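Listed here are the chains, written in short residue letters.
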Amino acid sequence: MCGIVGYVGSESVLPILLDGLSRLEYRGYDSAGVAFIENGQVDVQKKKGRILNLREKLADSGLLARQDIHIGIGHTRWATHGAPSDENSHPHLSASGRIAVVHNGIIENYLELKRFLQERGFEFASETDTEVIAHLLEYHYEEDAGQDILEAVRRTLSDLEGSYALGVLCADDPEQFIAARQDSPLVLGLGEGCNFIASDIPAILSHTRKIIIMEDREVARLTKEAIELFDAFGQPVKREPLLVTWDSEAAEKGGYEHFMMKEMHEEPRAVRDTVLPRIRDNRIRFENFQMDRQALENLDRIRIVACGTAAHAGIVGKYVIEALCRIPVEVDVASEFRYRNPIITERTLTIIISQSGETLDTLAAMREAKRLGSQILAIVNVVGSSIAREADHVIYTAAGPEIAVASTKAYNTQLAALYLLAFQMAHTLGRIDDAELKDYLEKMTNLPSLLETTLAHQDDLQRFAAAHFNAHSIFFIGRGLDYALSMEASLKLKEISYIHSEAYAGGELKHGTIALIEEGTLVVCPMTQPQLVEKMISNIREVKARGAVILGILTPDCMRAAEVCDQVIELPQIDPLLAPVVAVTPTQLFAYYMTVNKGFDVDKPRNLAKSVTVE
């Protein structure tokens, strides 16, 4: 999944599709492709790698110069099902080659549908869930839709479980294509004698500023003369188009004031896309990593190596892996790792975490660990990045592009990947049984909805930040996983608001730090671990007695601490082990609103870059 563009009109379609896809490159992708109709046939051209590779292929074939091709759909793919390859790239064709599909999202019941289709003679050429849609469309088109592509789409959608934004071409209808959406964005663009679809507005903004935003379960039919929009029951929908007045950069933000806010609101989707493709039949299936019990029992230790936010995710990973797997885990700051003669053997598994996959300190540390004989498992967000290429095994997160310098959704997805890894290893080792694994996986699939609930607290945090943005120092204190979370919360605040901030284990206050607490000092206390609440209440009383103001971020099981807090943000009910994935979001929102109130650029804090590629 990643970017979608579609066009029907009188102009040459391929330059328009390539231009639209290029405008979505900021989202990240690993392959690109187009489908178009000529001479009553659907032609698909796709290529692994950059859009430039596809452009060169189309130019070399002479297709790019053609002026008689006027309808088509295009896609840039970010791998979810199946590795990056020409075969797994979109668009996907039906068995007869008469129907082509592009798709963003995840079809959760694709294995069930695939078995249904295979029993009826359909053969599959890719590893993707999207190919199921193409074949299912053909099945309905021939069997029960009267060779009406719009009706075939409707019937197909009723079979799908999951999320989708679809563009569908049919060779038998060369003057139209179909679009549909559910839980994945898709917009319609109205032009003069032409019409468009796109997964985000920037793709078509150079051609039209008249936009209709499709809603869930809607279907649209596009010709060059008109767009017809239908609801889930096939009834026509009348909706006035919006006139886009944003500049190109603002349009890429999807209407949010800053990329950081947009990316926080993308956390539910990012976690869902990181988790769901890996869960099959109550088991965890990583594409590029599997260790049997003997290999895991042979490990003497695990080292997690990363920088900044990724290192903080690694600290949470340490807590969880040690608790579940009983394997010693050490977390190293990558920039220090090489220079302290680390103890590494062939029995060491080194986990490298990086959003960009290009962080130079982390890359150098990985190479040193590999030189010393360690196996390398990389957790990265960017397919084909240096770390991904050089690691022995890779777990890709599905954060998508993260444009704001302050990392938000990347952290949540790194945590999600680490949890899945810990559960898989613990189950393989026999530390948790089938029932416990199933329970954990059900809780993992609920994380996106819990994140959506948590994001609803942004107004409360905005008001609280408005009253405290002039603070000179802010402290975060927590115990256990809440201490690990506090480190990331403190970093997020200081890197964008420039407010001095520190994170401490709650029990360490009395060992010196409490000397810094004075009247009005703001202390933020995440409390998600019920067994540690009484200890935290004692720590909070200590700082309140010296004049501190307390912001508590509490789960329902920890609400007895509310009486010692000045302001409370209540999280949804969640397993304490998984709480950091959800509890970090209020701290991100808090940092955001503190920064906005101070008038600083949230997306581009001073002195910082998105990917640190220098040592």
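Above this text you will find the structure in question.
This text gives an overview of the structure that appears in the document. (Residues numbered from 1 in each chain as written. Predicted model: local features only at pLDDT ≥ 70, side-chain atom pairs only at ≥ 80, totals over all residues. Heavy atoms only, no water.)

**Quick word on the overall build of the protein**
This is how the line gets drawn: Helix and strand definitions follow DSSP, with helices as H or I runs of at least four residues and strands as E runs of at least two, each counted in order from the N terminus. Values of the radius of gyration come from C-alpha atoms, whereas the globule rule sets the reference at 2.2 Å times the count of residues to the power 0.38. Type-normalised accessible area, obtained with a 1.4 Å probe on protein chains alone, sets the label of each residue: buried when under 20%, exposed when over 50%, and partly exposed for intermediate values. What makes two residues a contact is simply this: any of their non-hydrogen atoms within 4.5 Å. Values of accessible area rely on a 1.4 Å probe in the Shrake-Rupley scheme; residue burial ignores everything except the protein chains shown.
The secondary structure content of the protein amounts to 20 helices and 26 strands. In terms of overall size, the protein behaves like a compact globule, its C-alpha atoms giving a radius of gyration of 25 Å where 615 residues would be expected to give roughly 25 Å. Across its three principal directions, the C-alpha atoms of the protein cover 80 × 55 × 45 Å. Relative to its 615 residues, the protein shows a buried fraction of 60%. By sequence separation, contacts in the protein at least 24 residues apart represent 72% of the contacts at least 6 residues apart. Accessible area of the protein: about 23,400 Å², with a carbon and sulfur share of 46%.

**Describing the pairing of strand β8 (residues 177-182)**
Rules: Two strands form a pair only when DSSP identifies at least two bridges running between them.
Of all 6 residues in β8, 6 are buried, a share of seventy percent or more. Of the two faces of β8, both are covered, the one formed by Phe177, Ala179 and Arg181 as well as the one formed by Ile178, Ala180 and Gln182. The pairing of strand β7 (residues 164-170) with β8 spans 6 bridges and is classified as antiparallel. Bridging across to β8, Leu169 finds its partner in Phe177. In this structure, the hairpin formed by β7 and β8 is closed by a connection of 6 residues. Taken together, the 5 bridges between β8 and strand β12 (residues 218-222) define a ladder with antiparallel strand orientation. Considered in β12, the bridge of Phe177 is made with Leu222.

**Details of the sheet that holds strand β2 (residues 31-38)**
Basically, it comes down to this: Axis definition: a line fit to C-alpha positions, over the contact stretch in the case of helices; interaxial angles, taken between N-to-C directions, run 0 to 180 degrees.
With antiparallel pairing, 8 strands are arranged side by side in an open sheet as β3-β2-β4-β1-β10-β9-β11-β14. With partners counted over all chains shown, the strands left at the sheet margins are β3 (41-48) and β14 (242-243), one partner each. Two elements, strand β1 (residues 2-8) and strand β10 (residues 195-198), share 4 bridges in a ladder whose sense is antiparallel. Across the sheet, the residue bridging to Val8 is Asn195, located in β10. Across the face of the sheet, helix α2 (residues 51-61) comes into contact with β2, β3 and β4 (71-77) while running at roughly 135° to β3.

**A few points about the pattern of salt bridges**
Counted only if it meets this: Take a side-chain nitrogen of Lys or Arg and a carboxyl oxygen of Asp or Glu: if they are within 4 Å of each other, that pair is a salt bridge.
Within the structure shown, the criterion is met by 35 salt bridges. Notably, a salt bridge pairs Asp144 with Arg155, separated by 4.0 Å at the nearest N-O pair. Of this pair, Asp144 sits in the loop between α4 (130-143) and α5 (149-159) while Arg155 sits in helix α5, and the two are 11 residues apart along the sequence. Given the relative accessible area of 32%, Asp144 is considered partly exposed. Of the charged contacts, one joins Asp216 and Arg181 as a salt bridge, the two residues approaching to 2.7 Å between their closest N and O atoms. Of this pair, Asp216 sits in the loop between β11 (210-213) and β12 while Arg181 sits in strand β8, and the two are 35 residues apart along the sequence.

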